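Residue-level listing of the chains:
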Amino acid sequence: MDRSQDGPGPVAIAVAQLAITVGEPEANRQAAADAVAEAAAAGARLVVLPELCDSGYVFGDVAVQAAAEALGLASRAARSVTLRQWRSLADAHQLVIVGGFCELGADGRLYNSAAIVDASGTRAVYRKAHLWDREKLVFTPGDAPPPVVDLAFGRVALMICYDLEFPEWVRLAALGGADVIAAPVNWPAYSWPAGERPAEVIKAQAAAATNGVFVAVADRCQTERGVSWISGSVIVGPDGYPLDGPVLADRPAVLTAACDLTRARDKRLAGDNDLLTDRRPDLYAGVCQASAERGRRP
């Protein structure tokens, strides 16, 4: 669908930073429902929730025990209480919800997944392709590219946390016509230099600017089994500058920004330049070749 001439006006996009507790899905779902209601009251058409926001994230560092706990909190997408709740909320508030959930695949494997849900149901399920640290003890990486879903107000792409740090992955979504990249995340905390922003926030801004898209990141808060979080929820415009956030505080928050999605459909820069048509893909083949050779090294 060609949306290049669409002009429906700004779309309100919200990101919800939640206090999540591992192993307490009912409380986590209630926190999500409250945040969606708050975002809806602010006029949001799209609400992004954090990564694994129903199950919690910190399953531990012993593979067998961690996988067993995650399995007890996982469900098939088609039977997910979380996704059913999101559909109900989307219908009640007339908006779209993106969020992370713990998925049990039909193959019996566990996936760190996210979904796009509207009043009609689940529009897409995405399985995180780039697993971080101890996630590899529990989850199987996804092998499909980020989906780009055509919604009434624009085209929304879906990826999860660490995925956002791979420029090739974000570029796929941009080439797929995404106006917005919705990114549920759980960014573990660390120290960064005074006066600077966390590198994860900077990378989200860079992803937006280098692809000319909006990026909506929903991080989390509340220490979980000794792990604290950046709490860097942020909404970034296609020029790379934040429209709201980052929060950078250990507290729940709902950020909302009016986003003119037509800005993401024009990739022209000052002068005779274009973010996408100026690429030289014929010169980039070595990137994939070098990566393959690195993977073969002993």
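Presented here is an overview of the structure given in this document. (Residues numbered from 1 in each chain as written. Predicted model: local features only at pLDDT ≥ 70, side-chain atom pairs only at ≥ 80, totals over all residues. Heavy atoms only, no water.)

## Some thoughts on the nonpolar core
One recurring pattern in soluble globular proteins: nonpolar side chains tend to sit buried together. Put simply, the rule is: Grouping buried Ala, Val, Leu, Ile, Met, Phe, Trp, Tyr and Cys residues that are joined through side-chain atoms within 4.5 Å yields what is termed a nonpolar core. Partly exposed residues are those whose accessible area sits between 20% and 50% of the maximum for their type, while under 20% is buried and over 50% is exposed, using a 1.4 Å probe and protein chains only. Counting from the N terminus, the helices are the DSSP runs of H or I reaching at least four residues and the strands are the DSSP runs of E reaching at least two. Contacts are residue-level and defined by heavy atoms, with any inter-residue pair within 4.5 Å sufficient.
Counting residues in each nonpolar core, the largest one holds 54 residues, and the members touching the most others are L46, L164, I181, V215 and V217. Looking at which element gives the most residues to this core, the answer is strand 9 (residues 214-218), with 5 residues. Leave out the neighbours within four places in its chain, and I181 touches A157, M159, L164, V170, A173, V213, F214, V215 and A216.

## A few points about the packing of aromatic side chains
The description of an aromatic ring pair uses the distance of the two centres, along with the angle that the planes make with each other. Stated precisely, the cut-off is as follows: For this analysis, a ring pair means two rings from Phe, Tyr or Trp (six-membered ring only for Trp) whose centres lie within 6.5 Å, classed as stacked if their planes differ by under 30 degrees, edge-to-face if by over 60, and tilted for the remaining angles. The rule for a charge over a ring is simple: NZ of Lys or CZ of Arg within 6 Å of the ring centre, and within 35 degrees of the ring normal.
For the structure shown, the criterion picks out 5 aromatic pairs. Centroid distance W132 to Y162: 4.9 Å. Interplanar angle 80°. Geometry classified as edge-to-face. Separated by 30 residues along the polypeptide, W132 in the loop between strand 5 (121-127) and strand 6 (148-151) and Y162 in the loop between strand 7 (154-158) and helix 4 (167-175) bring together distant segments of the chain. Judged by its relative accessible area of 22%, Y162 is partly exposed. Here the aromatic residues W132, Y162 and F166 are joined through ring pairs into a cluster of three or more. Here R127 stacks its cationic end above the ring of Y111, 3.8 Å away from the centre of that ring.

## Some words on the layout of surface pockets
Formally: Cavities and pockets are found on a 1 Å grid laid over the protein atoms alone: a cavity is a set of points where a 1.4 Å probe fits but cannot escape, a pocket is an open set with protein on both sides within 12 Å along at least five of seven lines, and a lining residue has an atom within 4 Å of such a point. Grid points are joined across faces, edges and corners, and a volume is the space filled by probe spheres set on the points. Gly is placed with the polar residues, together with every amino acid not listed as nonpolar (Ala, Val, Leu, Ile, Met, Phe, Trp, Tyr, Cys and Pro) or charged (Asp, Glu, Lys and Arg).
As a volume, the largest pocket reaches approximately 640 Å³. If you go around the largest pocket, you meet 21 residues; those closest to its centre are P167, E168, R171, Y284 and V287. Only helix 4, helix 5 (199-211) and helix 6 (285-296) provide two or more residues apiece to the lining of the largest pocket. Counting residues per element, the lining of the largest pocket draws most heavily on helix 4, which supplies 6 residues. Split into classes, the residues belonging to the lining of the largest pocket amount to 13 nonpolar, 3 polar and 5 charged. The computed volume of the second largest pocket comes to approximately 240 Å³. Lining the second largest pocket are 13 residues; nearest its centre among them are Y57, V58, D133, R134 and V227. Tallied by class, residues from the lining of the second largest pocket come to 9 nonpolar, 1 polar and 3 charged.

## Digging into the pairing of strand 9
How we decide: Pairing between strands is defined by DSSP: at least two bridges between the two strands are required. Crossover handedness is defined here as right-handed if the route from the first strand over the helix to the second strand goes clockwise, with the strands pointing away from the viewer.
Burial of strand 9 is extensive: 5 of the 5 residues sit out of reach of the surface. Neither face of strand 9 is exposed, since F214, A216 and A218 on one face and V215 and V217 on the opposite face are all buried. In this structure, strand 8 (residues 180-184) lies alongside strand 9, joined through 5 bridges in parallel fashion. The residue of strand 9 that forms the bridge with A183 is V217. Crossover connection from strand 8 via helix 5 to parallel strand 9: handedness right-handed. In this sheet, strand 11 (residues 234-236) lies alongside strand 9 in antiparallel orientation, the contact comprising 3 bridges. Looking across to strand 11, one finds that V215 is bridged to V236.

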